[in-house]
Amino acid sequence: MKVKFWGVRGSVPSPIKGNTIRRKIRKILELARPSDLLDETSIETFIDSLPFSLSHTYGGNTTCLEIRTEKNELIIIDAGTGIRELGRFLLKEEYKDGKGECHILFTHTHWDHIQGLPFFEPFYIPGNVFHIHAVSSHIEKRLKYQHNFEHFPIQFENMGSTKYFYQHQEGEIFKIYDLEITTKSMKHPGGSFSYKIKENDKTLIFGSDAEFRLEEIEDLDPYIEYFKNADILIFDTQYTFEEQLTKIDWGHSSAAVATDLALKSNVKNLVLFHHDPAYSDEILDEVYIRAKRYKEMIDFDNKKDLKIHIAYEGLELVIQ
Ligand SMILES: [Zn+2]
Ligand SMILES: [Zn+2]
């Protein structure tokens with residue numbers, strides 16, 4: 001199983017600004033020494049030595065993930081603005097000729113998880129087939145609402161592909177391809193649902209959007225059981241620890257809570273996800289460094305088995 005991240009921001013898209021790029025260039029130039037610029041190899045080595053926030057950007061698109069099975073079958077999680085670019089990528093495959101078929105899982109229908117759908121080009125091509133799954137009630141009605149003439153010029157029914165809807169219940173286990181999918185309700189205003197995707201003995205869990213707090217960690221047994229031994233847990237870490245203290249009931253967690261949960265659940269790979277739109281690339285570098293430092297500070301026997309990642313657009317993880 002493989003996962004690729006096409007949108008990693010929470011709440012609202014946050015494109016990088018021109019003056020941010022100028023600031024990054026200035027810092028890079030200040031760091032460069034003549035020996036870094038001798039030839040292509042030294043330039044590449046120098047770029048590789050820079051902090052992620054200087055050599056890359058985490059990206060500004062909202063939630064969208066591409067999951068591929070061992071047979072390369074496709075599952076998409078959520079249709080935030082990241083799905084627009086995924087759609088363009090899929091047009092290089094059979095979706096261009098109306099011969100594509102895949103499943104889309106919706107965690108919930110807050111705007112940042114559906115607003116890319118009207119710009120998902122494979123949806124417009126007759127012949128393509130999409131199986132749309134959700135636990136959130138009336139998923140068909142909710143998605144069509146976004147296409148009211150008051151909001152968008154093309155109605156949902158006029159997007160030429162074929163769509164089938166599947167309304168699931170919380171806790172239900174269902175099959176897609178050879179995968180076993182389990183659902184679980186997360187703590188989030190209006191409701192949000194996690195998906196646990198199991199292929200043979202490998203497990204990936206998508207757990208955003210979700211508000212868990214350190215002081216409630218003892219009440220989290222059902223979740224620890226649900227996350228137990230996951231190969232990959234992608235979790236809502238929108239806020240820094242300090243900011244989460246000021247944003248109670250906003251529906252999101254911090255990397256410290258996610259790390260505690262991952263260690264208690266014996267997760268192998270934790271992915272920090274759903275970054276706050278106000279956080280710069282530099283702040284996200286700091287979030288990542290602090291999460292790894294927090295893991296080293298706390299007392300868990302299994303902490304050497306946990307690897308922490310931070311999501312960025314283009315990140316790919318493979319479970320083997
Ligand atoms: Zn969200
Ligand atoms: Zn949400």
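Rules behind the numbers
- Residues numbered from 1 in each chain as written.
- Chains lettered and ligands numbered in written order.
- Predicted model: local features only at pLDDT ≥ 70, side-chain atom pairs only at ≥ 80, totals over all residues.
- Helix = DSSP H or I, 4+ residues; strand = E, 2+ residues; numbered from the N terminus.
- Rg over C-alpha atoms; globule rule 2.2 N^0.38 Å.
- Buried ≥ 20, exposed ≤ 12 C-beta atoms within 10 Å, placed from the backbone.
- Contact = placed C-beta atoms within 7 Å.
- Expected span 1.5 Å × (residues − 1).
- Arc of directions from axis to C-beta.
- Pairing = 2+ DSSP bridges.
- Axes fitted to C-alpha atoms, helices over the stretch in contact; angles between N-to-C directions.
- Core = buried A, V, L, I, M, F, W, Y, C linked by C-beta atoms within 7 Å.

Caption draft 1: Structural detail: the overall build of the protein. A tally of helices and strands in the protein yields ten helices and 14 strands. For 320 residues, the compact-globule formula gives about 20 Å, and the C-alpha radius of gyration of the protein, at 20 Å, lands near that figure. Dimensions along the principal axes, computed over C-alpha positions, put the protein at roughly 60 × 50 × 40 Å. Here the protein holds 320 residues, and the buried ones make up 38% of them. For the protein, restricting intrachain contacts to residue pairs at least 6 apart in sequence, the fraction spanning at least 24 positions comes to 71%.

Caption draft 2: Broad picture of helix α10 (residues 281-297). Here α10 contains 17 residues, and its C-alpha end-to-end distance of 24 Å stays within 8% of the 24 Å for a straight helix at 1.5 Å per residue. Those residues of α10 lying buried are Asp281, Leu284, Val287, Tyr288, Ala291 and Lys295. Buried residues along α10 cover an arc of 110 degrees about the axis, so they all sit on one side. Turned more than 90 degrees off the buried face of α10, the exposed positions are Ile289, Arg293, Glu296 and Met297. Tucked inside the fold, the buried residues of α10 contact α3 (52-55), α9 (255-264), β12 (269-273) and β13 (307-310).

Caption draft 3: Molecular detail of unusual backbone geometry. Put simply, Ser208 and Asp209 share a cis peptide bond, and its omega is 10 degrees. Relative to the helices and strands, Asp209 resides in the loop between β10 (202-207) and α7 (221-227). Here the phi dihedral of Asn229 falls at roughly 65 degrees; this positive angle occurs in a residue that is not glycine. As for its placement among the helices and strands, Asn229 is situated in the loop between α7 and β11 (232-236). For Asn266, which is not glycine, the phi torsion reads 60 degrees and is therefore positive.

Caption draft 4: Structural detail: the environment of Asp97. Within the fold, Asp97 resides in the loop between α4 (82-90) and β4 (101-106). Judged by the 11 C-beta atoms lying within 10 Å of it, Asp97 is exposed. Counting along the chain gives 25 residues from Asp97 to Pro122, while the straight-line C-alpha distance between them is 9.3 Å.

Caption draft 5: Seen up close, the environment of Ala134. One can find Ala134 in strand β5 (residues 129-134). Classification of Ala134 by C-beta neighbours within 10 Å gives buried; the count is 22. Ignoring any residue separated from it by four or fewer positions in sequence, one finds Ala134 in contact with Phe106, Ile139, Gln167 and His168.

Caption draft 6: Seen up close, the sheet that holds strand β6 (residues 162-167). Pairing is mixed across the open sheet formed by seven strands, whose spatial order is β6-β5-β4-β3-β2-β1-β14. Strands at the two margins of the open sheet, each flanked by one partner only, are β6 and β14 (316-318). Averaged over all adjacent pairs, the angle separating strand axes in this sheet is 20 degrees, with direction ignored. Across five bridges, the pairing between strand β1 (residues 2-7) and strand β2 (residues 64-68) is antiparallel. If you follow Val3 over to β2, its bridge partner there is Ile67. Each of β1, β2 and β3 (74-77) is contacted by α4, which is oriented at about 120 degrees to β1, the strand it contacts most.

Caption draft 7: Spatial organisation of the nonpolar core. In terms of nonpolar packing, the biggest core is built from 65 residues, with Leu65, Leu233, Val271 and Leu272 touching the most fellow members. Of all the elements, α9 adds the most residues to this core, at seven residues. Leave out the neighbours within four places in its chain, and Leu272 touches Thr237, Ala255, Ala258, Val287, Tyr288, Ala291, Ile308, Ile310 and Ala311.

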